[in-house]
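Observations on the three-dimensional arrangement
Letter by letter, the chains look like this.
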Amino acid sequence: IQGAPEDSPRPWSDIEKTVGEFIGETDVILANHHAYSDAMYMPFVQATDPQVCILAVWDYYHPQPSTLHNMLYGGSDGIENQVYASGLVKSNKERLAEDGNKFKPDGHVVVRVYKGGKRFRIFVLDDRSTDYRVIYRSEMMKSR
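What you see is a predicted model, and the numbers here were worked out from it, not measured in a lab.

Digging into a nonpolar patch on the surface
Residues Tyr36, Tyr60 and Tyr61 make up a contiguous nonpolar surface patch of roughly 280 Å² in combined accessible area. Its place among the elements puts Tyr61 in the loop between β2 (52-56) and α3 (65-73).

Pasting the structure below:
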């Protein structure tokens, strides 16, 4: 889905804000429209308040600096959110400056929810080999 800035001449195009308000707070979210410049506006990020954002990206322009910033710092708790991107173009990290260094390792992202649904963990698997070994394991996280 796509969003629009608050001063947009086409406010009806801001589907994100309405969907975010409908969804409400969530623990993990898949970024809208590859976190391109027409998505992941602050009202959506604040409404969903994710602890973790996952991006399916493949292009130099995914994500945009402003959308990455919103995903990292848009939470209500003042804690930097975790951001994972599968398919991140390496040269894009440089373009994204300091925030580009805050991505977790690139690979196949798996969200493991434990029995009862109160705890979860993020795993990143090596998608460049056939054994899909675990290359990153987050700390155990509590569902809100």
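Let us keep going from here.
A short note on the sheet that holds strand β1 (residues 28-30)
Pairing is parallel in the open sheet, where three strands are placed in the order β1-β2-β3. Strands with a single pairing partner mark the edges of an open sheet, and in this sheet they are β1 and β3 (82-86). Sheet twist, expressed as the mean angle between neighbouring strand axes with direction ignored, is 20°.

Some words on the packing of aromatic side chains
By the definition in use, this model includes two aromatic pairs. With a centroid separation of 5.0 Å and 85° between ring planes, the pair formed by Tyr60 and Tyr61 is classed as edge-to-face. On the basis of relative accessible area, Tyr60 is assigned to the partly exposed category, the value being 31%. The lysine or arginine in question, Arg95, covers the ring of Tyr60, its NZ or CZ lying 5.0 Å from the ring centre.

Thoughts on the pattern of salt bridges
Across all of its chains, the model carries eight salt bridges by this definition. As a salt-bridge pair, Lys102 and Asp99 come within 4.0 Å of each other at their nearest N and O atoms. We classify Lys102 as partly exposed; its relative accessible area is 22%. Between Asp106 and Arg128 there is a salt bridge, with its nearest N and O atoms 2.9 Å apart. Placement of Asp106 in the loop between α5 (97-100) and β4 (108-113) and of Arg128 in the loop between β5 (119-125) and β6 (134-137) is noted, with a sequence separation of 22 residues between them. Here Asp106 falls in the buried class, since its relative accessible area comes to 15%. A network of salt bridges, in which partner residues are shared, links Glu80, Glu98, Asp99 and Lys102.

What counts and how
Residues numbered from 1 in each chain as written. Predicted model: local features only at pLDDT ≥ 70, side-chain atom pairs only at ≥ 80, totals over all residues. Heavy atoms only, no water. Patch = residues over 30% accessible without salt bridge, like charges linked within 9 Å, V, L, I, M, F, W, Y side chains within 5 Å. Areas by Shrake-Rupley, 256 points an atom, 1.4 Å probe, with all protein chains shown as cover. Salt bridge = Lys/Arg side-chain N within 4 Å of Asp/Glu carboxyl O. Helix = DSSP H or I, 4+ residues; strand = E, 2+ residues; numbered from the N terminus. Pairing = 2+ DSSP bridges. Axes fitted to C-alpha atoms, helices over the stretch in contact; angles between N-to-C directions. Phe/Tyr/Trp six-rings, centres within 6.5 Å; stacked < 30°, edge-to-face > 60°. Buried < 20%, exposed > 50% of the residue type's maximum accessible area, 1.4 Å probe, protein only. Lys NZ or Arg CZ within 6 Å of the ring centre and 35° of its normal.

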